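# Coordinate inspection notes
Now for the letters of each chain:
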Amino acid sequence: MQNGTANGHHVARPLVPGIFAPIPTFYQPETEDLDLETLAKHVVRAAKAGVRPLLAGSMGEGVHLTHSERVALIKAARVALDEAGFETMPIIAGTGTGSTRETVELCKEAAAAGADYTIVITSGYFAGVLGSHKKAQKAFFKEVSEKSPIPVIIYNYPGASGGIDLDSDTITELASECPNLCGVKLTCGNVGKLTRICATVSEESFSSSYPRSNPDAPFLVLGGFVDFLLPSSYANAHGAITGLGNFAPYTLVKLYELSVAVHKDSSLLPEAQRLQGIVARADFTIAKAGISGTKALMEKLYGYGGLPRKPLPPIEPEAFEALWAHPHVQDIVKTERELSGKTAS
């Protein structure tokens, strides 16, 4: 059982299906020092909607953070969640980097800081060697998961790992062979791959044949986009880790709930399809604006967001105005306001 400590007692924080948001890292405008107060505020905002945090991932600019900054984010988020009454909400921390050695070091530091799970991207700097070397790809995740004190999620994101795209056979083999792996995030967006992986790991026999090191951390298959959340539920997937969760959390949680409920009540399918359409269009449009676009939308909606760390550029003002005015964005903003009970402009 994954345990943390809150107010002097142990707290279980199981990894369960649902919606997770890769939380942006917020900075002081002049110095680019961490703005932990805003981070705490935002993590709690998402938690109140039922969205769980992932810190120092791609959206959180993990590659721009020092070891001590990653630790500071985790500690600040844990305190904020506990103080807001979310003691049982787990924290996932991004711990991927270049070498196996440093990745393990980051996993250990994340665990000590209060993270419950880690997510590790494929090492991609030397993609010319690793991209075609399945044995080395598997050895990386095997060693990291064996040496990490907390369970590890595989992060398959070819765009941020030199184009390396783990195939379904590699991922299902890792899931079977590494009991401290607790899932995969598919930012490749490959629905066929998701279906093939689920055909193995979502079978009832998998958990008994290949038990996890931590029984509270089953192997979850999570989309890296939320534009196929409803279809993925029919493949027995487990939700999504999506940047859209930062400013449409109530909408995504509602869509996830419908995606689960529709299997018992088919009359809900039209509403689930309608909501999936709104979400899919917004996900497609907003994802193209990247981190700076997401932060600018949060600034518009919440009054905080700020800029990414250099050398990432801010979104150009005219590009943001076009993004904000886009019907796909306005549709999800309207839906979020309705579902969250807020109608203010």
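What this report covers is the structure whose coordinates are included nearby. Everything quoted here is computed from the prediction, not taken from an experiment.

## What about the packing of helix 2 (residues 67-83) against helix 3 (residues 100-113)?
At a minimum axis separation of 9 Å, helix 2 and helix 3 run at an interaxial angle of 30°. Between helix 2 and helix 3, the interaxial angle falls into the category roughly parallel. The handedness of the crossing between helix 2 and helix 3 is right-handed. Residue-level inspection shows H67, R70, V71, I74 and K75 of helix 2 in contact with helix 3, the latter providing E102, E105, L106, E109, A110 and A113. Classifying every residue of the contact of helix 2 with helix 3 gives five nonpolar, one polar and five charged.

## Focus: the nonpolar core
In this structure, L39, L55, L244, I286, L297 and L323 are the most contacted members of the largest nonpolar core, which totals 63 residues. Ranked by residues supplied to this core, first place goes to helix 2 with seven residues. One finds A127, F141, V184 and F228 within the second-largest nonpolar core, a separate group that totals 28 residues.

## Considerations on the packing of aromatic side chains
Scanning the model with the defined rule gives six aromatic pairs in all. Ring plane angle 40° and centroid distance 5.2 Å describe the contact between F206 and Y210, whose orientation is recorded as tilted. Taken together, F26, Y302 and Y304 form an aromatic cluster joined through their ring pairs.

## A word on helix 3
Think of an α-helix as turning once every 3.6 residues; residues three or four places apart then point the same way. With 14 residues, helix 3 should cover 20 Å at 1.5 Å per step; its first-to-last C-alpha distance of 20 Å lies within 8% of that length. Taken residue by residue, helix 3 has T103, V104, L106, C107, A110 and A113 as its buried positions. Buried residues along helix 3 sit in contact with helix 2, strand 5 (92-94), strand 6 (117-121) and helix 5 (134-147). A positive phi of about 120° marks G114, the residue just after helix 3.

## What about the pattern of salt bridges?
Pairs can form between side chains of opposite charge once their charged atoms are near each other. Counted according to the given criterion, the structure contains 13 salt bridges. Residue K142 pairs with E177 through a salt bridge whose shortest N-O separation is 2.9 Å. One end of the pair, K142, is in helix 5; the other, E177, is in helix 6 (residues 168-177), with 35 residues separating them in the sequence. A residue is classified by how much of its surface remains accessible, and K142, at 29% relative accessible area, is partly exposed. If you follow the salt bridges from partner to partner, you end up with K134, K138, K142, E173 and E177 in one network.

Cut-off values and rules
Residues numbered from 1 in each chain as written. Predicted model: local features only at pLDDT ≥ 70, side-chain atom pairs only at ≥ 80, totals over all residues. Heavy atoms only, no water. Axes fitted to C-alpha atoms, helices over the stretch in contact; angles between N-to-C directions. Helix = DSSP H or I, 4+ residues; strand = E, 2+ residues; numbered from the N terminus. Parallel < 35°, antiparallel > 145°, perpendicular 65-115°, else oblique. Left-handed = near helix turned anticlockwise from the far one by under 90°. Contact = heavy atoms within 4.5 Å. Nonpolar A, V, L, I, M, F, W, Y, C, P; charged D, E, K, R; others polar. Core = buried A, V, L, I, M, F, W, Y, C linked by side-chain atoms within 4.5 Å. Buried < 20%, exposed > 50% of the residue type's maximum accessible area, 1.4 Å probe, protein only. Phe/Tyr/Trp six-rings, centres within 6.5 Å; stacked < 30°, edge-to-face > 60°. Expected span 1.5 Å × (residues − 1). Salt bridge = Lys/Arg side-chain N within 4 Å of Asp/Glu carboxyl O.

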